[in-house]
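Residue-level listing of the chains:
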Amino acid sequence: MPDTLEQRLDEVEKKVAELGAIVGTGPGRKDWLATVGTLPNDALAREADQLGREYRERLNDSDKRAGA
């Protein structure tokens with residue numbers, strides 16, 4: 001373990017840089033907020049919404065029956 005505060009800080013900065021490289025932080029990173037609402041309002045998008053809603057409802061119903 002590093003002895004001085006400066007050495008410890010250097011180690012922490014290196015680890016943060018390594019983690020940042022793994023996670024992929026940066027200006028080009030996309031997350032779910034960047035893609036919300038990007039599907040066109042057409043029949044296929046509406047069908048996908050409906051199927052997703054039905055699937056989530058089935059999951060909720062099965063959780064309720066299981067006593068979760």
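About the cut-offs
Residues numbered from 1 in each chain as written. Predicted model: local features only at pLDDT ≥ 70, side-chain atom pairs only at ≥ 80, totals over all residues. Heavy atoms only, no water. Helix = DSSP H or I, 4+ residues; strand = E, 2+ residues; numbered from the N terminus. Buried < 20%, exposed > 50% of the residue type's maximum accessible area, 1.4 Å probe, protein only. Areas by Shrake-Rupley, 256 points an atom, 1.4 Å probe, with all protein chains shown as cover. Patch = residues over 30% accessible without salt bridge, like charges linked within 9 Å, V, L, I, M, F, W, Y side chains within 5 Å. Salt bridge = Lys/Arg side-chain N within 4 Å of Asp/Glu carboxyl O. Lys, Arg positive; Asp, Glu negative; His and termini not counted. Charge placed at Lys NZ, Arg CZ, Asp CG, Glu CD. Expected span 1.5 Å × (residues − 1).

## Quick notes on the overall build of the chain
Within the chain, the regular secondary structure consists of three helices and zero strands. Per-residue burial over the chain gives 3% buried out of 68 residues. For the chain, the computed accessible surface area is about 6500 Å², with 56% contributed by carbon and sulfur atoms.

## As for a negative patch on the surface
A grouping of Glu 6, Asp 10, Glu 11, Glu 13 and Glu 18 is seen on the molecular surface, where their side chains present a negatively charged patch. Tracing the backbone through its elements, the reader meets Asp 10 in helix H1 (residues 5-23).

## Focus: a nonpolar patch on the surface
Judged by side-chain polarity, Leu 9, Val 12 and Val 16 come together as a nonpolar surface patch covering roughly 260 Å² of accessible area. With respect to the helices and strands, Val 12 occurs in helix H1.

## Side note on helix H3 (residues 43-66)
A rise of 1.5 Å per residue sets the reference length of H3, with its 24 residues, at 34 Å; its end C-alpha atoms lie 35 Å apart and thus fit the reference within 8%. Trailing H3 by a residue or two, Gly 67 shows a phi angle of about 80 degrees, which is positive.

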